[in-house]
Amino acid sequence: MHTTLPPMTEAAATVTQPGQRSPLVLAIRQATLVFLAAFALGLYLQTNPGPVETEEGTEWSWQRNHGIPFGDGYYHIKIAYLYRTGDVWEAGKDFHWTRESTWNGQFSDKDFLYHMLLVPFTLGARDELDAQALLNGAQFSAPFFLGLLAVCLWSALRLLGVKRPWFWCLFALAVCGTSFLGRTVEPRSWMPGVSLALLGWAFLSRGSRKGVFVVGTLYALAYTGCHLLVAMAGFRLVVGLVIGAPKGSTRKVELVKDLLLLVSAMGGIALGCLLHPNSIELLKLWWVQNVLVLHLYQHGTLEGTLEQITGWVMGWQEGQTAVPIPRQAFGGELHSPRGMQLLEFQTYVIAIPIALPLLAAVSRVRVTREALIGYGLALVFVAMNYRVHRFTEYAVPFLVVAAALWLPAVFVSLRAQAVIKKTRVGSRFHLPVAATLLVLVGGYHTWQVIGQLGAFPFSYFPEVGDWLQANDEVRGKVIYNHSWDSFPELFFYRADCDYIAGLDPVYASVTATDNARTYLKLIEGKVGEVASDGPALVRRIQDDFGADYIFVHRAPDATLLNGLAEAAKAGHLEPLVQRPGYALYRIPKRK
């Protein structure tokens, strides 16, 4: 016997009996509890309690994390502070903080709305040198946005007509795996991006053109991956045509409906782009971030039509071309997860796509059209996750949505009911038992993440940070920062001076200048191609980049670090900070 999940309908209006709470009050309570639970989990991950090694031995600490993971978090909280003080508004499209980046002259904040939401978390800072207050704000913001993500998941499930959406939020904790949880510790804009993607999918499923339009507008303001909303609308249209129309409708009717939703998504994104500061530059940044980053990561260079389009978009002069980028210079989130990483950190991302159709087959359940489309989208994100590690953030919540639309039909099937009765657990205990199991599994994942995170230091270059904050002589000067990923922390410590590049090597590559070529060669360790000896290298950095100081560290290649250490020994540089793995030098003025 086949059972069919009833089609999604508008929630029926209910009459509130005396003494009963209204559905609105209950919804607000559930949303608040979901937010607080996710927020508490985020705080726990931020403090990261566990054993620490001291001179006396191993001791237990309730706060192993004094900083945030090495990455963009330091940049995000500092630029939010600079929005608060007006410095970013004053700079406009001239992001002088990264001089040899395409941002310098073509800047548009790809995380604009996220940074606006971060501004309140900077209010504790007395001035731009109040590093501890800014760091506290960054650490407090990550649990807030995790709570926001949980509420958006809950809201999306509610819009989709899923019963007990709070239960499926617990399910999300249980199945997310350690990789997803570990990514929530760093304050980054992907959490608002995924939140909007979930709401967008729910409104697409409900056929709400207004909802899709509003989400599209917010998406364009908040995150550079806003095109995902259009892709999801297109996916619904195509898969819907293949599956066929729901009962009582026709393919033509559904095609028109889906086309209107697609237009609504595009219209909302267009409005968001128009409302965004530096709109034209935002389109250029979208091309760099979503096309060139992935292409250059895979191939290293541009050629053919793609190169011609890029030249037109970026305003290259004749003969200019993007500078090749060594693969090791890219961030780790672009890498494909290895087989053992998938098994260890993302077990359920593998298991759920296989389990859902198997359970349906065993239970002889025919799931709804909406469940099939949602499952198809989740599979797309899972496949993208196997290709690029960063899509874990989309694969996990959309698998939860697919499971929430699929599994209820399995649970009410005759075969499933027969199995449940054999457990001899009363029906009123089914939900509490299931919720308890989910909490235990989620708690196990959290415990695993705590063990994997280790301890985050306040700073990865502490002596350099201390020196920069203690010496106002750097105000208005230029610091040559070797490797783009050192920029966030240097910028965090001192934003009243300029640096060379930051956040992504592609931003330097597409400037297509000789300086970009030199910069990327030094990252790759090809020092001999830039200068014949130490004095010549120092002169190149001083003359070509206008640098007053040099910060260099070991990653991704130690050749420049070692070469500058030799130049300092010969008296061509003045050491300010020298530690194993990194150093800060002053370039002496010419006599």
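Residues numbered from 1 in each chain as written. Predicted model: local features only at pLDDT ≥ 70, side-chain atom pairs only at ≥ 80, totals over all residues. Heavy atoms only, no water.

Draft legend 1. Local environment of the overall build of the protein. Counting its secondary structure elements, the protein contains 26 helices and eight strands. Its C-alpha atoms give the protein a radius of gyration of 26 Å, within 12% of the compact-globule value 25 Å for 591 residues. C-alpha atoms of the protein, sized along the principal axes, occupy 90 × 65 × 45 Å. Within the protein, buried positions represent 53% of all 591 residues. Intrachain contacts of the protein at a sequence separation of at least 6 include 74% that bridge at least 24 residues. (Helix = DSSP H or I, 4+ residues; strand = E, 2+ residues; numbered from the N terminus. Rg over C-alpha atoms; globule rule 2.2 N^0.38 Å. Buried < 20%, exposed > 50% of the residue type's maximum accessible area, 1.4 Å probe, protein only. Contact = heavy atoms within 4.5 Å.)

Draft legend 2. A look at unusual backbone geometry. The phi dihedral of Ser483 is positive, around 75 degrees, even though this residue is not glycine. The topology assignment puts Ser483 in the loop between β5 (479–481) and α22 (487–493). Its identity as a non-glycine residue notwithstanding, Leu503 has a phi of 70 degrees, on the positive side. Locating Leu503 in the fold gives a position in the loop between α22 and α23 (505–509).

Draft legend 3. Summary view of the packing of aromatic side chains. Throughout the structure, instances matching the rule amount to 43 aromatic pairs. Centre to centre, the rings of Trp60 and Trp62 are 5.7 Å apart; their planes meet at 80 degrees, and the pair counts as edge-to-face. The exposure class of Trp60 is exposed, given its relative accessible area of 52%. For Trp62, a relative accessible area of 63% translates into the label exposed. Aromatic side chains Tyr444 and Trp447 sit 6.0 Å apart centroid to centroid with 35 degrees between the ring planes, which places their arrangement in the tilted category. Of the two residues, Tyr444 and Trp447 are both situated in helix α20 (residues 427–453); the distance of three residues between them amounts to about one turn of the helix. With relative accessibility at 44%, the residue Tyr444 sits in the partly exposed group. Members of the aromatic cluster, connected to one another through ring pairs, are Tyr75, Phe95, Trp97, Trp103, Phe107, Phe487, Phe491, Tyr499 and Tyr507. If you follow Arg236 out to its NZ or CZ, it ends over the ring of Trp201, 5.3 Å from the centre. (Phe/Tyr/Trp six-rings, centres within 6.5 Å; stacked < 30°, edge-to-face > 60°. Lys NZ or Arg CZ within 6 Å of the ring centre and 35° of its normal.)

Draft legend 4. Representation of the pairing of strand β6 (residues 549–553) within the structure. Most of β6 is tucked away, with five of its five residues classed as buried. Here β6 shows no split at all, with Tyr549, Phe551 and His553 on one side and Ile550 and Val552 on the other all buried. Direction of pairing for β5 relative to β6: parallel, over a ladder of three bridges. The residue bridging Asn481 from the neighbouring strand is Phe551, located in β6. (Pairing = 2+ DSSP bridges.)

Draft legend 5. Region of the structure containing the side chain of Asn65. Within the secondary structure, Asn65 sits in the loop between β3 (57–61) and α2 (73–85). At 3.0 Å, the side chain of Asn65 and the backbone oxygen of Gln46 are in polar contact. Within the local environment of Asn65, its side chain forms a polar contact with the backbone nitrogen of Phe456, the two atoms lying 3.1 Å apart. Not counting residues within four places of it along the chain, the set of residues in contact with Asn65 comprises Leu45, Gln46, Thr47, Asn48, Gln139, Val185, Gly454, Ala455 and Phe456. (Polar contact = N/O pair within 3.5 Å; in protein donor to acceptor, adjacent residues only side chain to side chain.)

Draft legend 6. Spotlight on helix α21 (residues 462–470). All of the buried residues in α21 are Val464, Gly465, Trp467 and Leu468. Projection of α21 onto a plane perpendicular to its axis shows the buried side chains occupying an angular sector of 165 degrees, all on one side. Residues of α21 that are exposed and point over 90 degrees away from its buried face: Asp466 and Ala470. Buried-residue contacts for α21 involve β5, α22, β6, β7 (574–579) and β8 (582–586). (Arc of directions from axis to C-beta.)

Draft legend 7. Quick look at a nonpolar patch on the surface. Together, Phe213, Val214, Leu218, Leu271, Leu274 and Leu275 give the surface a local cluster of nonpolar side chains, amounting to about 530 Å² of exposed area. The set of elements that each furnish at least two residues to the nonpolar patch consists of α10 (209–222) and α12 (251–275). Tracing the chain through its elements places Leu271 in helix α12. (Patch = residues over 30% accessible without salt bridge, like charges linked within 9 Å, V, L, I, M, F, W, Y side chains within 5 Å. Areas by Shrake-Rupley, 256 points an atom, 1.4 Å probe, with all protein chains shown as cover. Salt bridge = Lys/Arg side-chain N within 4 Å of Asp/Glu carboxyl O.)

Draft legend 8. View of the confidence of the model for the protein. Taken over all residues, the pLDDT of the protein has a mean of 86, while the share at 70 or more is 91%. The model gives residues 1–14 a pLDDT under 50, and that stretch makes 22 contacts with residues more than four places away or in other chains. (pLDDT = per-residue confidence, 0-100.)

Draft legend 9. Representation of the sheet that holds β6 in the model. Overall, mixed pairing links the four strands, which are arranged β5-β6-β8-β7 in an open sheet. Two strands lie at the open edges of the sheet, namely β5 and β7, each paired on one side alone. The mean angle between the axes of side-by-side strands here comes to 15 degrees, regardless of whether they run parallel or antiparallel. Pairing of β7 with β8 involves five bridges; the strand directions are antiparallel. (Axes fitted to C-alpha atoms, helices over the stretch in contact; angles between N-to-C directions.)

Draft legend 10. Representation of the environment of Gly563 in the model. Within the secondary structure, Gly563 sits in helix α26 (residues 559–569). Residues Gly563 and Gly137, 426 residues apart in the sequence, show an inter-C-alpha distance of 38 Å.

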